[in-house]
Amino acid sequence: MSDDLLNSLKNTLATIPYFANLDAALIETIVQQTKQRQYDTGQFVFLEGEEDVALYIVHSGWLKAIKMSPDGREQILHFFGAGAVFNMIGVFAEVANPATVIALEPSTLWVIQQAVMLKLLDDHPKLARIIIQRLAKRVKHLVNLVEDLSLRTIESRLARYLIEESTAEQLQRPRWATQAEIANRLGTVPDVLNRALRNLAKENLIRVERHQIQILDYTGLETKAELGK
């Protein structure tokens with residue numbers, strides 16, 4: 001690994017809660033045991049049930065974690081962009097990969113093998129506490145996802161998604177963020193999603209443009225999302 005890549009990895013680790021407070025010598029140990037892998041659009045990073053388990057950090061690109069039904073229908077669990085960490089559950093619960101991850105565009109990942117992460121837990125209790133906190137937040141996200149899919153209308157789910165994914169009251173849509181992909185994330189189909197977008201626009205809560213969605217009434221969108229309930 002070149003010096004530039006090593007420095008890039010060190011800088012990335014410094015921004016991730018798991019590693020931010022570790023001493024320099026330990027960071028160096030992790031860096032030396034980390035591999036870089038590249039994936040093309042549509043390529044599988046791993047499949048649900050595979051037992052070659054590792055922790056992944058996104059250096060660049062976008063990916064999605066999915067569960068797939070026997071008839072091929074997807075439920076998207078999460079989108080991952082630069083700086084995101086994924087497959088925590090597989091690594092720390094010591095189980096097979098719990099979902100399938102696919103690259104949505106050319107992506108570069110840092111990969112830390114399970115054995116390395118488990119040794120870190122044994123040697124550094126403070127790190128274990130941080131990881132427990134992050135895993136708890138991940139479980140909370142999945143509980144919210146189940147609640148959304150079972151109890152909320154598509155417009156409410158869409159409003160929540162727009163709030164959670166937006167910055168500066170707008171959602172930039174990467175090329176891969178088609179209505180089909182967003183519909184899979186929200187547990188619906190593109191036609192229903194399109195109708196929900198039109199309804200929110202008619203209520204002057206959002207404005208839909210080609211590559212972005214502008215939030216016009218943040219408070220109104222929060223009400224539609226039923227946040228706090």
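Scroll up to find the structure.
Residues numbered from 1 in each chain as written. Predicted model: local features only at pLDDT ≥ 70, side-chain atom pairs only at ≥ 80, totals over all residues. Heavy atoms only, no water.

Enquirer: Could you clarify how one ought to interpret the sheet that holds strand 11 (residues 212-215) in this entry?
Expert: Sheet strands pair by backbone hydrogen bonding; their relative direction is either parallel or antiparallel. Spatial ordering of the open sheet is given by 9-11-10, a layout of three strands whose pairing is antiparallel. Only two strands of the sheet have a single neighbouring strand rather than two, namely strand 9 (170-172) and strand 10 (206-208). Between one strand axis and the next, the sheet turns by 15° as a mean value, whatever way the strands run. In the sheet, strand 10 pairs with strand 11 via three bridges, with the strands oriented antiparallel. (Pairing = 2+ DSSP bridges. Helix = DSSP H or I, 4+ residues; strand = E, 2+ residues; numbered from the N terminus. Axes fitted to C-alpha atoms, helices over the stretch in contact; angles between N-to-C directions.)

Enquirer: Looking at this model, I keep getting lost on the nonpolar core. Mind explaining?
Expert: Proteins that are soluble and globular tend to have nonpolar side chains buried together. By size, the foremost hydrophobic cluster in this structure holds 28 residues, and its most contacted members are Tyr 18, Phe 19 and Met 117. Secondary structure elements with two or more residues in this core: helix 1 (3-14), helix 2 (24-32), strand 3 (54-60), helix 3 (88-92), strand 8 (107-113), helix 4 (114-123) and helix 5 (125-151). With near-sequence residues (within four places) excluded, Tyr 18 lies in contact with Val 85, Met 88, Leu 127, Ile 130, Ile 131 and Arg 134. Listed in part, the 27 residues of the second largest apolar core include Phe 79, Leu 104, Ile 213 and Ala 225. (Core = buried A, V, L, I, M, F, W, Y, C linked by side-chain atoms within 4.5 Å. Buried < 20%, exposed > 50% of the residue type's maximum accessible area, 1.4 Å probe, protein only. Contact = heavy atoms within 4.5 Å.)

Enquirer: What's the story with unusual backbone geometry in this structure? I'm lost.
Expert: Glycine aside, negative phi is the norm for most residues, and most peptide bonds take the trans geometry. Positive phi values are uncommon outside glycine, yet Glu 94 reaches one of about 55°. The residue Glu 94 is located in the loop between helix 3 and strand 7 (100-103) in this model. With a relative accessible area of 56%, Glu 94 lands in the exposed category. A positive phi angle is found at Asn 204, which is not glycine, with a value near 60°. With respect to the secondary-structure elements, Asn 204 resides in the loop between helix 8 (190-202) and strand 10.

Note that all results are geometric; they support no functional claim without further evidence.
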